[in-house]
Amino acid sequence: MSNIVIQKLLENVGPTKHTQQGWTSFDGKCCIHNGDRRNDTRKRAGVRMTEGDGFVYHCFNCHFTTGWIPGSRLGNKVKNLLSWFNVPDDDIKKIKFKAYQMKAAMDSDPKTIVEYNKQSESHVFFNFKEISLPDQSKSLEDCFETETNDKNFIKVVEYLLTRGDYLAQYGEYYWANTNEHSLKHRLIIPFKWNNKIVGWTARYAGDHKFKYMSEIPPDYLFNTESIKPDNNVILVCEGPFDALAINGVATLGDKMSAKQIQWLKQQNKKIVIVPDREKQGGKLVDIAIDNNWSVSFPEWDSNIKDCAQASKEYGVLYTVWSLLNNIVDNVTSIRTKRTKLRSKDGRR
């Protein structure tokens, strides 16, 4: 649970730095609540995980300290800390209730502590470094005010419109009027984590040997902000346009790292792989089988290669409905379905 607390803190702290001892440091917002006239501005506050999935917070400016260990209640000092860092009350209540549930389980069965600690040993926590988009990058909204006579910009906008109305209206896109990486011919999609830009990809507007130019941090998963507490299912696909089209998560390729896999498991939701039909299932199906995840094999027309194209052809609601209603859980059935998918494309 400590990863949830730390994640909520880091969503509101601003710039951070990291130490070899495992601390994430930032400006403390606790100081004015503990006798100081002003809050820390020298990144003298920090948080880190402790053994057994606990955490500790300490501010070297006002010397406020608090923390939590599994099996204990969420104390007032932790709740105050979260409040000082502007974590919403509803989120604090959810964290408090989760700590209560954990304590109740451990009180009733001591073995739970051992099992919990085993699970926490492999717990994954991400905090990607914030970066800038390529030079001269501007949002499409800003470009429409200044670049409407630029033929390259117009071609990029026309390409976006070919991907469908939903993607054109609801995605966040940028354009850069520069020859570097042929960016003036590309549509830029920012990669975000905790509302900060941590990477990007730029899709060429048309056919090109290198369709995508990207800066991707290791272990990054695209569009995780689409995961809501009341969601029971996480749809996982390869490309960013596919993820945006179905409100899912993208691996940005047909491979996944151990940390990406573990992070998805930590969400405690049903993981459903949506394979790229153009690749006849691809390697993500193998990852699903290895991790006892599910796979969706929607009954789409043979010319539909991915989720983005499906959302354009059928609409978003039907596309998502068809994915959720064609989920396969059984390993043998998954293998059979993939074989049929390959056969339809002429591969055996």
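Below is a summary of the structure that appears in this document. (Residues numbered from 1 in each chain as written. Predicted model: local features only at pLDDT ≥ 70, side-chain atom pairs only at ≥ 80, totals over all residues. Heavy atoms only, no water.)

Describing the overall build of the protein
Scanning the protein from terminus to terminus reveals 13 helices and 15 strands. With the principal axes as the frame, the protein shows a C-alpha extent of 65 × 55 × 35 Å. The buried share of the protein, taken over its 348 residues, is 47%. Put simply, of all contacts in the protein between residues at least 6 apart along the chain, 58% involve residues at least 24 apart. For the protein, the accessible surface area stands at approximately 18600 Å², while carbon and sulfur atoms represent 46% of it. With 50 positive and 42 negative side-chain charges, the protein shows a separation of 4 Å between the mean positions of the two kinds. (Helix = DSSP H or I, 4+ residues; strand = E, 2+ residues; numbered from the N terminus. Buried < 20%, exposed > 50% of the residue type's maximum accessible area, 1.4 Å probe, protein only. Contact = heavy atoms within 4.5 Å. Areas by Shrake-Rupley, 256 points an atom, 1.4 Å probe, with all protein chains shown as cover. Lys, Arg positive; Asp, Glu negative; His and termini not counted. Charge placed at Lys NZ, Arg CZ, Asp CG, Glu CD.)

Focus: the sheet that holds strand β11 (residues 233-237)
Read across the open sheet, the five strands follow the order β12-β11-β13-β14-β15; overall the sheet is mixed. The two strands at the open ends of the sheet, each matched to only one other strand, are β12 (249-250) and β15 (327-328). Note: β11 against β12, two bridges, orientation parallel. Looking at the pairing, Cys237 lines up with Ala250 of β12. (Pairing = 2+ DSSP bridges.)

Comments concerning the pattern of salt bridges
Using the criterion set out here, one finds five salt bridges in the structure. The shortest N-O distance in the salt bridge between Lys8 and Asp91 comes to 3.3 Å. Remark: Asp91 occurs in helix α3 (residues 89-108) and Lys8 occurs in helix α1 (residues 2-10); sequence separation between them is 83 residues. Neither residue differs from the other here; Lys8 and Asp91 are each classed as buried. Between Glu172 and Lys192 there is a salt bridge, and its shortest N-O distance comes to 3.1 Å. You can see Glu172 sitting in the loop between α7 (165-170) and β7 (174-176) and its partner Lys192 sitting in strand β8 (residues 186-193), a full 20 residues away along the chain. The class for Lys192 is partly exposed, based on a relative accessible area of 24%. (Salt bridge = Lys/Arg side-chain N within 4 Å of Asp/Glu carboxyl O.)

Quick look at the packing of aromatic side chains
The geometry of an aromatic ring pair is captured by two quantities: the separation of the ring centres and the angle between the planes. For the structure shown, the criterion picks out 18 aromatic pairs. Judged by centre distance (5.2 Å) and plane angle (90°), the rings of Phe128 and Trp193 are edge-to-face. Here Trp193 lies in strand β8 and Phe128 lies in the loop between α4 (111-120) and β6 (137-139), a separation of 65 residues in the sequence. Of the residues examined, Phe128 reaches a relative accessible area of 13% and is grouped as buried. What links up through ring pairs into an aromatic cluster is the set Phe128, Phe191, Trp193, Tyr220, Phe222 and Trp263. Over the ring of Phe64 we find Lys77; its NZ or CZ atom is 5.2 Å from the centre of that ring. Here the guanidinium or amino end of Arg163 rests over the ring plane of Phe241, the centre of that ring lying 4.4 Å away. (Phe/Tyr/Trp six-rings, centres within 6.5 Å; stacked < 30°, edge-to-face > 60°. Lys NZ or Arg CZ within 6 Å of the ring centre and 35° of its normal.)

With respect to the pairing of strand β9 (residues 196-204)
Of all nine residues in β9, nine are buried; the element is thus mostly enclosed. Inspection of the sheet shows β8 paired to β9 by eight bridges, in the antiparallel sense. Within the sheet, the bridge partner assigned to Ile188 lies in β9 and is Ala202. Connecting β8 to the next strand, β9, in antiparallel fashion are two residues, including Asn194 with a positive phi near 55°. Two strands pair when backbone bridges link them, and β9 and strand β10 (residues 212-215) are joined in this way by four bridges, in the antiparallel orientation. The residue bridging Trp200 from the neighbouring strand is Glu215, located in β10.

Some details on the sheet that holds strand β2 (residues 24-26)
In spatial order, the strands read β1-β2-β3-β4-β5; together these five strands make up an open sheet with antiparallel pairing. Both outer strands of the open sheet, β1 (17-18) and β5 (65-68), are each paired with one neighbouring strand and no more. Relative to β2, β1 runs antiparallel, the two sharing two bridges. Within the sheet, the bridge partner assigned to Lys17 lies in β2 and is Ser25. Seen against the sheet, helix α2 (residues 76-84) touches β4 (54-59) and β5 and runs at an angle of roughly 105° to β5. (Axes fitted to C-alpha atoms, helices over the stretch in contact; angles between N-to-C directions.)

Topic: helix α9 (residues 258-266)
Side chains three or four residues apart in an α-helix point the same way, a direct result of the helix having 3.6 residues per turn. What α9 keeps buried is the set Gln260, Ile261, Gln262, Trp263, Leu264 and Gln266. Two residues or fewer past α9, Asn268 is found with a positive phi of approximately 55°.

A word on the pairing of β4
In terms of burial, β4 is largely enclosed, as five of its six residues are buried. Summarising the sheet, strand β3 (residues 45-50) and β4 pair through six bridges and their orientation is antiparallel. What sits directly across from Ala45, in β4, is Cys59. Sheet topology places β4 next to β5; four bridges connect them, and they run antiparallel. Paired with Phe55 across the bridge in β5 is Trp68. Taken together, β4 and the strand that follows it, β5, pair antiparallel across an intervening segment of five residues, in which His63 is found at a positive phi of about 65°.

So, to be careful, I would describe these as geometric facts and stop short of saying anything about function.
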